[in-house]
Amino acid sequence: MSTVLSDDDAIKIKAMIADKHPGSICVANYKGGVGKTTLVCLLGYYLAERTNKKVLLFDIDPQCSLSLAVGFDPEEVSQTELTIYNLVKPTKWAKISKTKFENYVFPVPDTLSPDNLFIIRGSFDVDELDMEIAKSIVNEEKRRIDELFLYCKQMLNAFDGYDYILVDCPPNKMFLTQAMLRACSFYLPVTIPDAISVYGMPRLLRWVKQIPASDRPRLLGYVLNAINRTGGVPGGKVYSQQSAESRLKNSIMKDLEKIEKEILADDPMIGVIPRLDAIARFLSEQTKFSRFEFKRKTSNQPTIEECLVTITDNIIERMRAYHA
Ligand SMILES: Nc1ncnc2c1ncn2[C@@H]1O[C@H](COP(=O)(O)OP(=O)(O)OP(=O)(O)O)[C@@H](O)[C@H]1O
Ligand SMILES: [Mg+2]
């Protein structure tokens, strides 16, 4: 299969690319199980509801957790043509002008979902993409990685009818993860504030710094997920989380770029999400779920809804500041 673009094609693709999609956000962390899918799902609902604008979710994780969480059967979806894999597989790269991107977009089927929330569904086959790229002869690998990035950037731009795009990444550095991180305007890491989970986060920032300056996504801030509060102190976090949080903040502050320091002021943390059973149930059994649970007060803690409104509003504000 010859999928490598000729020099002429590659130059044409470069010339066709304008700026990045202005509302594209990559939710990333190489650590697994920290809440990336949870955040993309919750943020998708709240961004769509609060802004009334069109929001598009991208499930680029071969685990397909996001597609499952919003009501699709990944087993069935993976057997269809209209998945992320079929949208980004190498044979598509040279056919960008012929691809009908809108055909890959589906409304989120969950009945609780706002009407303006859509998804590009995941596929188990995304694993194959790395194999296909890795099979290229050694000195073509970098070129193909660049081509995938250019394709992803242009693909995101093709969804210009959507105001916000949220990309749910897998917990790894697969080529598609790297390309989408580089192709998005912004990135939004999420972590649980415990020693093991925060360990790898500064590495993500340093990796972003290795992306050529002209392509580098900007940090919107990081979200702390699964916050456990102590019963005693109103609003207080448990001790192990407090110490992990302050270590994380200190190490992230060192790696911020000048513009990020300006926009994020002195606080790269953009918001928190409590650890509550209602969140796990929202992701796993939406048909039986009532959104009222997000408004329920548990002791003196902010509700899930209050936390999500804060994160959504901060994201909108920080995006505006970066674009100003
Ligand atoms: N704040 C929370 N409260 C309760 N349960 C949560 C919370 N956040 C995540 N979970 C649960 O933890 C599990 C892992 O979350 P999630 O799938 O969002 O992590 P992830 O980072 O996307 O994982 P992966 O790296 O495998 O993609 C899920 O079962 C989810 O329901
Ligand atoms: Mg996930």
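I will try to describe carefully the structure that is included in this document. Treat the numbers as computed from the prediction; the structure is a model and nothing was measured.

1. Let's talk about the pattern of salt bridges
Under the criterion given, the structure shown has 15 salt bridges. One salt bridge connects R50 with D313, and the closest N-O pair in it is separated by 3.0 Å. Placement of R50 in helix α2 (residues 36-51) and of D313 in helix α15 (residues 304-323) is noted, with a sequence separation of 263 residues between them. Ionic pairing is found between E293 and R296, a salt bridge with its closest N-O pair at 3.9 Å. Look at E293 and you get buried, because its relative accessible area is 17%. Judged by its relative accessible area of 44%, R296 falls in the partly exposed class. Because the salt bridges share partners, they merge into one network encompassing K142, D146, R182 and D215.

2. Some thoughts on the packing of α2 against α15
Axis separation between α2 and α15 bottoms out at 10 Å; the angle between their running directions is 70°. The pairing of α2 with α15 is recorded here as roughly perpendicular in orientation. Listed contacts from α15 to L42, L43, Y46, L47, R50 and T51 of α2 are E305, L308, V309, I311, T312, D313, I315 and I316.

3. Overview of helix α7 (residues 126-134)
Among the residues of α7, those classed as buried are V126, L129, D130, E132 and I133. Buried residues of α7 fall within an arc of 160° about the axis and therefore sit on the same side.

4. Focus: the site of ligand 1
Taken together, 20 residues surround ligand 1, and among them K36, T37, T38, N225 and P274 come closest. One of the side-chain N or O atoms of T38 is found 2.5 Å from an oxygen atom in ligand 1. Take N225: an N or O atom from its side chain is 2.9 Å from a nitrogen atom of ligand 1. For ligand 1, the protein covers 77% of the area, taking 630 Å² as the surface of the free molecule.

5. Describing the side chain of S185
Within the secondary structure, S185 sits in the loop between α9 (175-183) and β6 (186-187). With a relative accessible area of 12%, S185 lands in the buried category. Polar contacts involving the side chain of S185 include one to the main-chain carbonyl oxygen of H21, which spans 2.6 Å. Apart from the residues lying within four places of it in its own chain, the contact partners of S185 are K20, H21, P22, S24, P217 and R218.

6. Some thoughts on unusual backbone geometry
Here N52, not a glycine, exhibits a phi torsion of approximately 65°, which is positive. Non-glycine residue A226 carries a positive phi angle of around 60°. Locating A226 in the fold gives a position in strand β9 (residues 222-227).

7. With respect to the sheet that holds β9
If you trace the three strands from one edge of the open sheet to the other, you get β7-β9-β10, paired in parallel fashion. Either end of the sheet is taken by a strand with one partner, and the two such strands are β7 (190-191) and β10 (269-274). Pairing analysis gives two bridges linking β7 to β9, with the strands arranged parallel. Opposite V190, over in β9, you have V223 as the bridge partner. Sitting on the sheet, helix α12 (residues 239-255) is in contact with β7, β9 and β10, with an inclination near 170° to β9.

Cut-offs and rules
Residues numbered from 1 in each chain as written. Chains lettered and ligands numbered in written order. Predicted model: local features only at pLDDT ≥ 70, side-chain atom pairs only at ≥ 80, totals over all residues. Heavy atoms only, no water. Salt bridge = Lys/Arg side-chain N within 4 Å of Asp/Glu carboxyl O. Helix = DSSP H or I, 4+ residues; strand = E, 2+ residues; numbered from the N terminus. Buried < 20%, exposed > 50% of the residue type's maximum accessible area, 1.4 Å probe, protein only. Axes fitted to C-alpha atoms, helices over the stretch in contact; angles between N-to-C directions. Parallel < 35°, antiparallel > 145°, perpendicular 65-115°, else oblique. Contact = heavy atoms within 4.5 Å. Arc of directions from axis to C-beta. Near = heavy atom within 4 Å. Polar contact = N/O pair within 3.5 Å; in protein donor to acceptor, adjacent residues only side chain to side chain. Areas by Shrake-Rupley, 256 points an atom, 1.4 Å probe, with all protein chains shown as cover. Pairing = 2+ DSSP bridges.

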